[in-house]
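Letter by letter, the chains look like this.
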Amino acid sequence: MTDLESLFAQAAAEAARFRSHLPERPVGVSADLDRVRAGLGGALNEEPADPAEVLAELIAGAEPGLVATAGPRYFGFVIGGSTSAAVAADIMTSAWDQNGFNVATSPAAAVAEEAAGGWLKELFGIPAGAAVGFVTGSQEANTVGLAAGRHSVLSRAGWDVQRRGLRESPRVRVVAGVERHATIDRSLRLLGLGDGEIDAVAADANGAMDMADLERVLATMSGEPIVVAVQSGNVNTGACDNLRAAAELTHAAGGWLHVDGAFGLWAAATPRLAHLVDGIELADSWGCDGHKWLNLPYDSAFVFCADPEATATAVSYTASYLTETRGAVPVPSDYILGSSRRARGFAAWAGMRQLGSRGIGDIIDRCCRLAERFGESLGAAGFDIANDVMLNQVLVGFGDDDRTDRVIAAVQADGACWMGGTTWHGRRLMRIAVSNWTTTEDDVDRSVAAIVRLASSV
Ligand SMILES: *Cc1c(COP(=O)(O)O)cnc(C)c1O
């Protein structure tokens, strides 16, 4: 073996070893940063080091600080794992080191995104003509979708926001639900629209937007440029806004509809749950993560926009040395906020190929059934299930806030599984998100047993 082959073989062997131990290693780790610093800290060496030694040192140093987020009993935040083909493709992505910027820097990267983007639109039922951008996360996807919306509604009002900015522009009215994700606010801050300017729409008990209230809010804004942000998949409850009603109301008011579907958009992939995103095709822009429920490695997300022209106008740029690169394939970076970047399409292509459309639907369906199993088992054990479990999220109360926080801390320290906490409607609750492709009924039952055991001793 050459030195390079043996270095990469060492990396592959360590990667496979880590992943084969994932199901049984303690899921969480205590944030003992001093221990991790002892392995990775210190001054930079002056002289070059041997790559194989560097790799061995990195693996040993990182080990005590690695969290088994890719394993089957990690239920914190909304974090998926990563399928085998997608990880292997990600290794190739690093080895190929293609710049995903455009067709000139990598025809393969551009076409992989074109192909995977087409598959995604078909899975979601998003119009085939929509632009697709491969972005870092739903934060970036929301920013692009809202930027395209800002451009479009102002353009219709006779204002070129690209040239003239917002200082003297007509006022853009931004409408979003009270239960929106916090990244929507950050996008609005970055776009100069101001998170304090949001007209907030009321939600029902499970966190879905109240469509009668949306109608009321929109009725106060006749004729103004309007951008509406709705959501598929509330981070606490999984609730999905009624996209059909939202699209009809928004378009009747002349507005632009953006859907933050970071994980909930995947309901479209399985017939049992597709009703949750009924009307999806009527929106103007959509954001969705690949690194959550599609189980792609970080970082991976998608933005779709029904009006490619508006999106490119809102977020693309040109430079003297770029004019000859606009060819038959859309310029992948016309629809995102980056230029030089990772070729994210390879892992997406391979991940979807491994699963197939049926396999993708099966993951979504299975995770939701496992969430129901959590709800039924923990409810039967006498704990309070605080949401309507209609997707992959479960909220659990263990008595008062203090007791619930102590149960969460005990579960996190125990290592059998990992769940986070949240505050929902003023109450502290355990938050369970089932998003991993390898989680089984046995994983749920083992986790429930650990929670029940720990709760009885708190
Ligand atoms: C996770 C999430 C986001 C942010 O996505 P990132 O991938 O972390 O940028 C936005 N909205 C919702 C509903 C989410 O669940």
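The notes below deal with the structure included here.

With that settled, the discussion passes to the packing of helix α4 (residues 84-96) against helix α12 (residues 345-380). Packing of α4 against α12 leaves a shortest axis separation of 8 Å and a crossing angle of 155 degrees. As far as their axial angle goes, α12 and α4 are roughly antiparallel. The two elements α4 and α12 cross, and the hand of that crossing is right-handed. Each of Ser84, Ala85, Ala86, Ala89, Asp90, Thr93 and Trp96 in α4 lies in contact with α12, whose residues at this interface are Phe346, Ala347, Ala350, Gly351 and Gln354. For the contact of α4 with α12, the per-class residue count stands at seven nonpolar, four polar and one charged.

The next thing to look at is the side chain of Gln393. Looking at the element boundaries, Gln393 is found in strand β9 (residues 393-397). By relative accessible area, Gln393 is classed as buried at 0%. One polar contact links the side chain of Gln393 to the main-chain carbonyl oxygen of Val235, over a distance of 2.8 Å. With residues up to four places along the chain from it excluded, the contact list for Gln393 reads Val78, Asn234, Val235, Asn236, Thr237, Gly238, Phe263, Ala371, Asn387, Arg431, Ile432 and Ala433.

This next bit is on the sheet that holds strand β10 (residues 420-424). Strand order in the open sheet made by the four strands is β8-β9-β11-β10, with antiparallel pairing throughout. The sheet terminates laterally at β8 (384-385) and β10, the two strands that pair on one side only. Inspection of the sheet shows β10 paired to strand β11 (residues 427-433) by five bridges, in the antiparallel sense. Across the sheet, the residue bridging to Gly421 is Met430, located in β11. In the packing of helix α13 (residues 401-414) onto the sheet, the strands contacted are β9, β10 and β11, and the crossing angle to β11 comes to about 30 degrees.

A word on the site of the ligand. Surveying the vicinity of the ligand reveals 14 residues, the closest of which are Gln139, Asp260, Asp289, His291 and Lys292. Contact between the ligand and Asp260: a nitrogen atom at 2.7 Å from a side-chain N or O atom of the residue. Between the ligand and His291 there is a distance of 2.8 Å, counted from an oxygen atom to a side-chain nitrogen or oxygen. Within the complex, 84% of the 380 Å² of free accessible area of the ligand lies under protein.

Let's shift gears to the packing of helix α1 (residues 3-21) against helix α3 (residues 51-62). A pair of packed helices is characterised by two quantities: the angle between their axes and the separation of those axes. At a minimum axis distance of 10 Å, the contact between α1 and α3 shows a crossing angle of 15 degrees. One element, α1, and the other, α3, form an angle in the roughly parallel class. α1 and α3 meet at a crossing whose hand is right-handed. Between α1 and α3, the contacting residues are Leu7, Gln10, Ala11, Glu14 and Arg17 on the first element and Pro51, Ala52, Leu55, Ala56 and Ile59 on the second. Residue classes in the contact of α1 with α3 are distributed as seven nonpolar, one polar and two charged.

Quick look at unusual backbone geometry now. For residues besides glycine, phi is generally negative; the peptide bonds are generally trans as well. Residue Asp299 follows Tyr298 across a cis peptide bond; omega there is -15 degrees. With respect to the helices and strands, the residue Asp299 is situated in the loop between β6 (285-289) and β7 (301-305). The phi torsion at Asn295 lies on the positive side, around 60 degrees, for a residue other than glycine. Looking at where Asn295 falls in the secondary structure, it is placed in the loop between β6 and β7.

The rules behind each value
Per chain, the residues get numbers from 1 upward, laid out in the order the sequence is written. The model is predicted, so local features are restricted to residues of pLDDT at least 70 and side-chain atom pairs to those at 80 or more, both for listing and for counting; the totals for chains, interfaces and linings are taken over all residues. Only hydrogens and water are removed before side-chain values are computed, so all heavy atoms of the structure are retained for them. Lines fitted to C-alpha atoms define the axes, with helix axes restricted to the stretch in contact, and inter-axis angles between N-to-C directions lie between 0 and 180 degrees. By definition, any uninterrupted DSSP run of H or I lasting at least four residues is a helix, any uninterrupted run of E lasting at least two residues is a strand, and each is numbered from the N terminus. Any angle between 65 and 115 degrees counts as roughly perpendicular, while under 35 counts as roughly parallel, over 145 as roughly antiparallel, and the rest as oblique. Crossing handedness: left-handed means the near helix sits turned counterclockwise from the far one by under a right angle, and right-handed means the same turn made clockwise. By the convention used here, residues are in contact when the closest approach between their heavy atoms is within 4.5 Å. Residues were grouped as follows: Ala, Val, Leu, Ile, Met, Phe, Trp, Tyr, Cys and Pro as nonpolar; Asp, Glu, Lys and Arg as charged; and all remaining residues, including Gly, as polar. The rule is simple: take the accessible area with a 1.4 Å probe, protein chains only, and divide by the maximum for that residue type; under 20% is buried, over 50% is exposed, in between is partly exposed. Definition of a polar contact: a pair of N or O atoms within 3.5 Å, with one able to donate and the other able to accept a hydrogen when the atoms are protein atoms, and with sequence-neighbouring residues admitted only if both atoms are side-chain atoms. Two strands make a pair as long as DSSP finds a minimum of two bridges between them. A single heavy atom is enough: if one lies within 4 Å of a molecule or strand, its residue is considered near that molecule or strand. Each accessible area is a Shrake-Rupley result for a 1.4 Å probe, and residues are judged covered by the shown protein chains and nothing else.

In short, shape yes, function no, at least from these values alone.
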